[in-house]
Structures are given as structure tokens and as C-alpha cells.
There are 2 protein chains.
Amino acid sequence: MHLRHLPIALAIVISLLALPTAADTTKPTPTAKELIAKSKPEEWRTPDPANLLYMQLPQGRVVIELAPDFTPLHAANIRTLVHEHYFDGLAIIRVQDNFVTQWGDPNDDDNGDKSKIKPLGSAKAKLPPEYTRAIDSKLPWTPLPDGDVYAPQVGFTEGFPAARDPATGREWLTHCYGMVGVARDIAPDSGNGNSLYAVIGQAPRGLDRNLAIAGRVIEGMPYLSGLPRGTGPLGFYTQAAQRLPIISVTLASDLPPAEREKLQVLRTDSSTFAAIIEAKRNRRDAFYTLPAGKIDVCNIDIPVRTNPP
Amino acid sequence: MHLRHLPIALAIVISLLALPTAADTTKPTPTAKELIAKSKPEEWRTPDPANLLYMQLPQGRVVIELAPDFTPLHAANIRTLVHEHYFDGLAIIRVQDNFVTQWGDPNDDDNGDKSKIKPLGSAKAKLPPEYTRAIDSKLPWTPLPDGDVYAPQVGFTEGFPAARDPATGREWLTHCYGMVGVARDIAPDSGNGNSLYAVIGQAPRGLDRNLAIAGRVIEGMPYLSGLPRGTGPLGFYTQAAQRLPIISVTLASDLPPAEREKLQVLRTDSSTFAAIIEAKRNRRDAFYTLPAGKIDVCNIDIPVRTNPP
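Residues numbered from 1 in each chain as written. Chains lettered and ligands numbered in written order. Predicted model: local features only at pLDDT ≥ 70, side-chain atom pairs only at ≥ 80, totals over all residues. Heavy atoms only, no water.

Looking at an unreviewed UniProt entry, one finds chain A named peptidylprolyl isomerase and attributed to Dyella lipolytica.

1. With respect to the overall build of chain A
On a plain count of helices and strands, chain A comes out with 4 helices and 17 strands. In terms of overall dimensions, chain A is globule-like: its C-alpha atoms have a radius of gyration of 20 Å, near the 19 Å expected for 309 residues. For the C-alpha atoms alone, the extent of chain A along its principal axes is close to 70 × 45 × 40 Å. Taken across its 309 residues, chain A has 57% of its residues classed as buried. Look at the contacts in chain A between residues 6 or more apart in sequence, and 70% of them connect residues 24 or more apart. Put simply, chain A shows about 11,700 Å² of open surface, and 56% of that area lies on carbon and sulfur atoms. The positive charge centre, built from 33 side chains, and the negative charge centre, built from 34, are 3 Å apart in chain A. (Helix = DSSP H or I, 4+ residues; strand = E, 2+ residues; numbered from the N terminus. Rg over C-alpha atoms; globule rule 2.2 N^0.38 Å. Buried < 20%, exposed > 50% of the residue type's maximum accessible area, 1.4 Å probe, protein only. Contact = heavy atoms within 4.5 Å. Areas by Shrake-Rupley, 256 points an atom, 1.4 Å probe, with all protein chains shown as cover. Lys, Arg positive; Asp, Glu negative; His and termini not counted. Charge placed at Lys NZ, Arg CZ, Asp CG, Glu CD.)

2. Observations regarding the sheet that holds strand β12 (residues 196-199) of chain B
Residue and element names in this part refer to chain B. Taken together, the 9 strands give an open sheet; going across it, the order is β14-β4-β5-β12-β11-β13-β3-β2-β15, and neighbouring strands pair in antiparallel fashion. A strand with exactly one partner marks an edge of an open sheet, and here the two such strands are β14 (244-245) and β15 (248-251). Seen against the sheet, helix α2 (residues 72-83) touches β2 (52-57), β3 (60-66), β11 (179-182), β12, β13 (213-219) and β15 and runs at an angle of roughly 120° to β15. (Pairing = 2+ DSSP bridges. Axes fitted to C-alpha atoms, helices over the stretch in contact; angles between N-to-C directions.)

3. Some thoughts on the interface of chain A and chain B
Facing 71 residues of chain A, the contacting portion of chain B comprises 70 residues. When the two sides are added together, the surface that chain A and chain B hide from each other amounts to roughly 6,200 Å², 54% of it contributed by carbon and sulfur. The tally of links between chain A and chain B comes to 0 salt bridges. Along the contact surface separating chain A from chain B lie 20 residue pairs in polar contact (both at pLDDT 80 or more). For the side of chain A that touches chain B, the secondary-structure elements that each account for two or more residues are β4 (91-96), β5 (100-104) and α3 (221-225) of chain A. The element best represented in the side of chain A that touches chain B is α3(A), accounting for 3 residues. A per-class count over the side of chain A that touches chain B returns 35 nonpolar, 20 polar and 16 charged. (Buried area = accessible area lost by both parts, 1.4 Å probe. Salt bridge = Lys/Arg side-chain N within 4 Å of Asp/Glu carboxyl O. Polar contact = N/O pair within 3.5 Å; in protein donor to acceptor, adjacent residues only side chain to side chain. Nonpolar A, V, L, I, M, F, W, Y, C, P; charged D, E, K, R; others polar.)

4. Description of helix α4 (residues 271-281) of chain B
Along α4(B), the positions that sit buried rather than exposed are B:Thr272, B:Phe273, B:Ile276, B:Ile277, B:Ala279 and B:Arg281. Buried residues along α4(B) sit in contact with α1 (32-37), β7 (142-143), β8 (153-157) and β16 (263-266) of chain B.

5. Remarks on the relation of the copies chain A and chain B
For the pair chain A and chain B, the superposition axis carries a translation of 0.0 Å, the fit reaches an RMSD of 0.0 Å, and the rotation angle comes to 180°. Such a combination of rotation and displacement between the chain copies is what one expects of a two-fold axis. Here 99% of the contact residues of chain A are again contact residues in chain B; the copies associate through an equivalent surface. (Least-squares fit on C-alpha atoms with pLDDT ≥ 70 in both.)

6. Some words on the pairing of strand β3 (residues 60-66) of chain A
Most of β3(A) sits inside the fold, with 6 of its 7 residues counted as buried. Joining the antiparallel neighbours strand β2 (residues 52-57) of chain A and β3(A) is a turn of 2 residues.

7. Points about the state of the cysteines
Residues and elements named next belong to chain A. Inspection of every chain in the model, using the stated rule, returns 2 disulfides over all chains. Two residues, Cys 176 and Cys 298, share a disulfide whose sulfurs are 2.0 Å apart. Taking the torsion about the S-S bond as the criterion, the Cys 176 to Cys 298 disulfide, at about -75°, is left-handed. Remark: Cys 298 occurs in the loop between α4 (271-281) and β17 (304-306) and Cys 176 occurs in the loop between β10 (170-173) and β11 (179-182); sequence separation between them is 122 residues. (Disulfide = S-S within 2.5 Å.)

8. Here we look at α4(A)
For α4(A), the set of buried residues is A:Thr272, A:Phe273, A:Ile276, A:Ile277, A:Ala279, A:Lys280 and A:Arg281. Contacts made by the buried residues of α4(A) are with α1 (32-37), β7 (142-143), β8 (153-157) and β16 (263-266) of chain A.

9. Digging into the packing of aromatic side chains
One pass over the structure, following the stated rule, counts 6 aromatic pairs over all chains. Centroid distance A:Phe287 to A:Tyr288: 5.1 Å. Interplanar angle 75°. Geometry classified as edge-to-face. We note that A:Phe287, like A:Tyr288, is buried. Seen in terms of ring centroids, B:Tyr86 and B:Phe87 are 5.2 Å apart; in terms of plane orientation they differ by 85°. Their pairing is edge-to-face. Classification of B:Tyr86 by relative accessible area gives buried; the value is 3%. A cation over an aromatic ring shows up here: B:Arg164 above the ring of B:Trp141, its NZ or CZ 4.1 Å from the ring centre. One Lys or Arg, B:Arg184, reaches over the ring of A:Phe287 and ends 3.8 Å from the middle of that ring. (Phe/Tyr/Trp six-rings, centres within 6.5 Å; stacked < 30°, edge-to-face > 60°. Lys NZ or Arg CZ within 6 Å of the ring centre and 35° of its normal.)

Shown next as C-alpha cells:
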């Protein structure tokens with residue numbers, strides 16, 4: 001068997017590689033796929049359709065799960081915008097390499113035609129920041145043991161990567177790959193969810209606590225990350241033809257159940273997720289002979305499955 | 001001035017945002033652009049053309065700087081391959097989302113036609129693994145003060161992000177965004193540089209010390225990161241038509257000086273680079289009201305300029 005296609009991502013079938021070799025003196029750590037295969041049905045959650053956005057792009061569908069427990073006012077405003085079809089016909093306006101892909105109203109921008117700005121309908125134009133929240137000890141918290149450069153504590157709660165500061169009693173979602181943030185102007189209350197961005201590069205953790213995070217892309221990230229980078233300042237597309245049109249953004253709860261995606265997300269407070277974290281921290285197999293013994297909060301993919309058994 | 005295009009990447013003109021506001025009670029930290037504008041000529045280095053690879057893709061040119069002080073045998077073998085035009089006509093064969101873009105010989109893979117594998121010419125088929133090296137105290141080392149999840153020490157040396165372990169006396173390049181690694185099979189000596197990958201997502205630091213890093217992309221990353229993701233296992237393209245052809249890979253030193261890129265890289269042991277690190281650690285301006293006070297080794301871009309004054 002030829003394996004000239006390494007390195008191998010952790011979420012992928014490592015069994016291909018688990019050939020016994022001199023270097024592989026220990027039993028290979030299980031792969032995420034192997035651990036997921038042994039997971040129990042109750043370890044998976046079906047996201048509330050009222051928190052799921054289907055963003056239809058020409059190439060395919062992006063599914064975003066909102067995080068109303070962290071940003072309730074933004075979630076409500078985004079639901080209003082989506083319910084009233086605000087995003088339909090808008091566009092991907094910015095792709096800045098190793099940073100973010102952003103979408104919204106092309107006219108609501110420096111070079112836009114202000115006379116054509118799409119009205120917000122019933123949605124609010126301004127919202128309180130919602131950058132952090134008080135630590136809710138009633139909610140499950142799955143801490144990581146290896147520390148973090150940016151925060152006193154990091155881990156997972158309610159299916160999202162997060163950070164905590166016991167000294168201030170605050171917690172916040174972290175700007176990991178695939179997290180969806182709320183673009184804003186200078187004023188902290190100027191974000192309303194009508195322009196959103198997804199992280200497509202190295203986690204820009206310096207944004208943490210400076211911007212509101214609305215949720216996470218749980219399906220279709222390649223449709224946002226694999227786009228041509230904008231050549232204008234900040235990665236904005238300089239010509240209308242470069243922008244990728246948004247066909248529609250729909251709230252799953254606005255669709256009949258039969259038309260909703262059959263998606264489940266592994267509970268971040270499940271034993272299988274804990275096992276995946278441990279396997280990734282200590283990955284050892286025929287290929288990875290030197291386990292890191294550590295893991296960064298932004299290096300752990302939260303498993304999502306479609307059409308669950 | 002309208003600024004509905006936030007967040008702003010740190011490397012970009014923050015001056016646009018440095019409007020005095022109630023929240024901005026302190027003098028804004030300088031931007032990388034502002035600091036670079038005040039840099040001295042001697043703070044910039046012109047990479048040795050013998051260490052620069054020009055990879056010509058249909059959309060544009062990718063420039064890679066080799067790191068022979070870390071991986072000398074791999075650098076020498078890659079120079080041989082490039083000098084003998086090994087990569088000309090090969091292809092981008094794999095783009096795995098949030099992981100790597102990999103290029104090489106499509107036939108030298110599971111589904112390839114083994115009878116058509118391109119010969120390596122004078123290059124070696126196997127090389128000793130050059131995953132780490134003894135810490136060279138004679139070389140400049142710019143340490144970062146905020147710790148690291150994966151290594152005892154992190155910083156920069158000779159223009160590359162790196163990590164150190166004083167306990168073992170070893171140092172190694174870190175798998176940050178844009179770093180170029182050597183694909184290999186299971187055997188540690190099976191990598192020879194004829195298949196390389198560039199990191200296009202969250203730094204897969206678990207690869208550190210398990211793979212040889214040949215260098216860093218210093219120009220043209222968007223041509224590697226903005227590609228459609230492969231839909232096959234591990235992000236491999238499943239059809240030949242999906243692969244992006246490599247027109248040519250040329251060693252700058254094989255070109256007449258007049259045909260070489262006019263590129264300079266900011267010295268990582270320069271005071272301007274130190275100032276950029278500090279400004280990024282403590283970024284505060286009208287938009288970023290809460291500085292992280294910390295920085296991850298993979299969150300610092302090493303400035304490159306073209307056609308220097």
C-alpha cells in the first residue's frame with residue numbers, strides 16, 4: 001500500500017497507516033472515526049432548528065449553528081433578518097487570506113451605493129456588544145488540560161470552543177476556525193448581524209472579547225474557505241463580478257421538518273468527545289511517532305454527522 | 001467614513017480605524033504598516049536566491065524560502081529536483097480543508113499509474129529525517145514571552161517561527177500557516193522533497209517533530225489556500241481535471257539576476273520586528289478596546305516587501 005499522501009489529518013482514517021513498524025512499539029491511539037463508530041446515540045445532539053441557518057451558495061450549502069446562550073440578542077436579530085429574507089441576493093464581499101470570509105450587503109460598504117442599501121426590516125440596527133457572558137456553572141464545561149496562550153482556561157461548552165477567566169467570572173466563545181462573528185463598525189453597539197464573518201485561517205484569538213461570536217459553521221466550511229482571496233484592502237472584492245452571490249439564507253425552523261438537514265453534533269460533554277480529545281493529545285501510531293501530549297482548543301474538530309443511524 | 005468591513009487584520013492599515021472615541025482613551029498602538037514605514041534598510045534581508053523557489057501556477061507565482069539551516073539535506077535534494085525541472089508539469093494533488101495543500105506527482109499515489117511515475121533524476125529517494133536540530137546558540141533567537149501550548153519555548157530564528165526544548169537541547173520549525181513541509185510515507189526516511197505541503201489552516205502543531213519542514217511560503221499563499229478543497233479521502237482530488245497544474249518550479253539562483261523577484265524579508269532579530277510583536281500583543285485602538293496582551297507564535301506574520309526602496 002502506497003501512502004505518498006501524508007500528512008494525514010487527525011479526523012481521517014488512520015487505520016490506513018497503522019501498519020506495525022519498528023517505530024510503532026505501542027498500540028496506536030484510536031482515531032476519531034473509530035471512536036465515533038463506537039459512540040452511543042445519546043452522545044449526539046440534534047441542534048434546535050431555530051438555531052440553524054442554511055446559507056445557499058452557488059457551489060453548495062453552508063450550515064451555521066447559532067449560539068444564543070452566548071449572544072442571545074444577536075441570535076434573535078439574525079433570526080429576524082433571515083426570517084425576512086434579508087440575506088437573499090446579498091453576497092460574499094470579502095475573503096482575506098488567513099483571516100476571514102465575510103458576507104453582507106455590498107452596498108453597505110465604502111464603495112457601495114448608499115442609495116441601494118437593503119433595509120433591515122424588523123431587525124434592530126444596533127445591539128449591545130455581547131462579547132462575553134457571566135460563567136454559567138449550571139452548563140456543562142469540558143476543560144482542556146494543556147493551557148492556552150490567550151486565556152486562563154479553555155474548553156468546550158454547549159458544542160462550542162470557549163474560554164474562561166475565573167478572576168472576572170466571564171466566559172466567551174473563541175475565534176477558532178469556522179467560528180462565525182458579527183462584523184461591526186467602531187462603536188461596540190454597531191453590530192447587528194447583517195454582516196457576518198467566518199474564520200478561515202489561524203485562529204485570530206486577539207479578536208476574542210472584542211467582537212460578538214454568533215455561532216459556528218457545522219457544515220460546508222470549504223465553500224467559505226476555498227474562495228479566491230479578495231485583492232482589495234482587507235481582502236474585499238474590488239469588482240462586483242468577483243463577489244459570490246448568496247442565493248438564500250434560511251432558518252431551518254422556517255422549513256417543514258422533511259426539508260431540514262439531518263444533522264447531529266457530538267455532545268462536547270460526552271465521553272466519546274473526551275476520548276477524541278485524549279486521542280488527539282496523545283496521538284501515536286506508525287506515522288506519528290512523537291505524540292505532542294498537548295492540544296490547543298482550536299485544534300479540535302467537533303464531530304458532525306449527517307443522516308444519523 | 002464607513003467601516004462596515006471589520007474585523008481588520010493586524011497587518012492592515014489600522015489608521016483607517018484610529019478615530020478618537022470615548023473607548024479609545026489611550027494612544028493607539030502603531031500598526032505593522034506604520035512600524036515598517038519607519039524601518040531601516042539594514043533590518044531587511046534579501047534571501048539567498050539558492051534558497052528561493054518560484055512555483056508558477058496558472059493563477060500566479062508562489063515563492064518559497066527554503067530553510068537549509070534546519071533541513072540541509074532536504075534543501076539540497078529539493079534544489080536538485082528543481083534544478084532538473086522535476087516539478088514542471090506536476091500538479092497540486094490535494095487540498096484538505098483547514099489542513100494542507102499538497103503538490104507532487106499524481107502518479108506517485110494510491111490511484112496513480114505507477115508505470116508513469118516521474119523519475120527523481122539525480123535526487124535521492126530517501127533522506128534521514130530532519131525533524132529537529134541541536135539548538136544553535138550562535139544563531140539569533142527572538143523568543144516570545146507568552147508561552148505555548150505545544151513547546152517549552154517558541155520564537156523566531158533566521159526568519160522562521162520555531163520552538164525549543166532546553167531539556168533536550170533541540171529546536172524545530174513550527175507548523176504555522178504558510179510553512180512548507182515534506183510529505184513522506186510511514187518510514188521516517190521516506191521523504192525526499194518530491195512531494196511538499198503548505199499549511200493552509202489552523203496550525204497543525206501536532207505535526208511538529210514528526211515531519212521535516214523545508215521552508216515557508218513568503219509570497220503567493222492565496223494561490224495555495226484559496227483552492228477548491230478536494231472531495232476524496234484526505235482532501236485528494238479524485239479526478240485529474242480537478243488538479244491544478246504546476247507550470248514550473250524554478251530556483252531563483254538558476255535565473256539571471258534581472259529575472260529574480262525583488263523580495264526582502266524583515267529580519268526576525270530586528271528591532272522593528274520586535275516592535276511589531278509588541279504592538280500585536282498589546283493592540284489597542286478605537287476598534288480593539290481590549291488588548292489580548294499575548295500572542296501565539298503562529299499569529300505573527302513575518303513581513304515581506306517587494307521592490308524595496
